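# Topology and contacts: notes
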Amino acid sequence: KLAIAALLAGSAAAFAPSQQGARSVALHETKADLEALAKELNPIVGFYDPLNLAEADFWGAGNEATIGFLRHAEIKHGRVAMFAFVGYIVHANGIKFPWAMQMDGTPFPTETNPPALWDAISDTAKWQIFTLIAFLEFWSELSTDTHKHYMAGGKPGDFPDFVSGPDSGGIPHPVPFNLYDPFKFSKNMSEETKARRLRAEINNGRLAQLGIIGFLSEQCVSGSVPLLSGIVQPYDGEPMAPFMTNYLGSAWGLN
């Protein structure tokens, strides 16, 4: 659940190479490109694809489109996991904003068990989070003349800029900052530096995915991750359920 909540931030293209002038260039990666990238990411492990996904063809879109989908999915999952991992540590240490969480004065929960803290948040607040997530997901799937979709030659992990204005066909009101690089720090960054930072992001994302699932595993099944025994608090809830109430199952008498 922490990972779900973190998705509102995880959709941001944290270190993805993104440059307006380069977006019109189609990028189609092949299995050979993945093999070369794998060596750069981890020379020891190298290319490891036991399910042979690098040769798959999802939905009849073609192999290159499928690779674009898989690359984008890994980068996005890694970003969500990094936010979740950091968020878990922050909440486990009782760090929170000093002001009220909701307009009615409801404070942030004092719980230091991250999954239990999520359970303590009102459904109204959760729906606001999921609404923002839905918008970011919708926007990230746009394919325009200046931003190609990741399955159609675009850059995996690249988040499109917020286009605003009545004649832009985008958001009807001004949006001063983009989700990726809102202060344009990477404007003059070289493509080599962007590529290096993206490789670092992928490796960090992979490690974060292992880290957050390790936290939750030890919480739910004591002793499953011996290194975390006695460090994380036990949790007897459902870590993958976004709500305490089973809204879908209630129609069939399930709780």
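This text follows the structure it describes.
First, a word on scope: everything that follows refers to the structure included in this document.

About the cut-offs
- Residues numbered from 1 in each chain as written.
- Predicted model: local features only at pLDDT ≥ 70, side-chain atom pairs only at ≥ 80, totals over all residues.
- Heavy atoms only, no water.
- Helix = DSSP H or I, 4+ residues; strand = E, 2+ residues; numbered from the N terminus.
- Buried < 20%, exposed > 50% of the residue type's maximum accessible area, 1.4 Å probe, protein only.
- Areas by Shrake-Rupley, 256 points an atom, 1.4 Å probe, with all protein chains shown as cover.
- Contact = heavy atoms within 4.5 Å.
- Phe/Tyr/Trp six-rings, centres within 6.5 Å; stacked < 30°, edge-to-face > 60°.
- Patch = residues over 30% accessible without salt bridge, like charges linked within 9 Å, V, L, I, M, F, W, Y side chains within 5 Å.
- Salt bridge = Lys/Arg side-chain N within 4 Å of Asp/Glu carboxyl O.
- Expected span 1.5 Å × (residues − 1).
- Polar contact = N/O pair within 3.5 Å; in protein donor to acceptor, adjacent residues only side chain to side chain.

## Examining the overall build of the protein
Summing up its helical and strand segments, the protein has 7 helices and 0 strands in all. Counting helices and strands in the order they occur from the N terminus, the protein gives α-α-α-α-α-α-α. The burial tally for the protein puts 35% of its 255 residues in the buried class. Summed over all atoms, the accessible surface of the protein reaches about 14900 Å², with 64% contributed by carbon and sulfur.

## With respect to the environment of M189
Residue position: M189 is located in the loop between α6 (123–140) and α7 (191–220). A residue is classified by how much of its surface remains accessible, and M189, at 18% relative accessible area, is buried. In this structure, M189 is in contact with K194 and R197, ignoring residues within four places of it in sequence.

## Quick look at the packing of aromatic side chains
A ring pair, where both rings are aromatic, is described by two values, the distance of the centres and the angle of the planes. The tally for this structure, following the rule as stated, stands at 17 aromatic pairs. Look at W139 and F162: their rings are 5.8 Å apart centre to centre, the planes differ by 50°, and that puts the pair in the tilted class. Taken together, the residues span a long stretch of sequence, with W139 in helix α6 and F162 in the loop between α6 and α7 at a distance of 23 residues. Accessibility assignment for this pair places W139 and F162 in one class, buried. An aromatic cluster is present here, built from W118, W127, F130 and F243 joined pairwise through their rings.

## A short note on the environment of I202
Relative to the helices and strands, I202 resides in helix α7. Its relative accessible area of 6% is what places I202 among the buried residues. Through-space distance from the C-alpha of I202 to that of R79 is 8.4 Å; in sequence the pair is 123 residues apart. Residues contacting I202, with those up to four places away along its chain left out, are L41, R71, E74 and I75.

## Some points on a nonpolar patch on the surface
A surface patch of nonpolar side chains, amounting to about 420 Å² of accessible area, comprises I44, V45 and Y48. The topology assignment puts I44 in the loop between α3 (31–41) and α4 (63–92). Since its relative accessible area comes to 81%, I44 is described here as exposed.

## Observations concerning the pattern of salt bridges
Inspection of the entire model under this criterion finds 7 salt bridges. Across the pair E74 and R206 runs a salt bridge, and its minimum N-O distance is 2.4 Å. One end of the pair, E74, is in helix α4; the other, R206, is in helix α7, and 132 residues separate them in sequence. A salt bridge links E137 to K76; the nearest nitrogen and oxygen atoms lie 3.0 Å apart. In this pair, E137 sits in helix α6 while K76 sits in helix α4, placing the two residues 61 residues apart along the sequence.

## Re α6
Here α6 spans 25 Å end to end across 18 residues, near enough to the 26 Å set by a 1.5 Å rise per residue. Every buried residue of α6 is accounted for by A125, K126, I129, F130, I133, L136, W139 and S140.

## Quick look at the side chain of E201
Looking at the element boundaries, E201 is found in helix α7. Exposure remark for E201: the relative accessible area of 4% places this residue in the buried category. One polar contact links E201 to R79, side chain to side chain, over a distance of 2.6 Å.

Read these as geometric descriptors, not functional statements.
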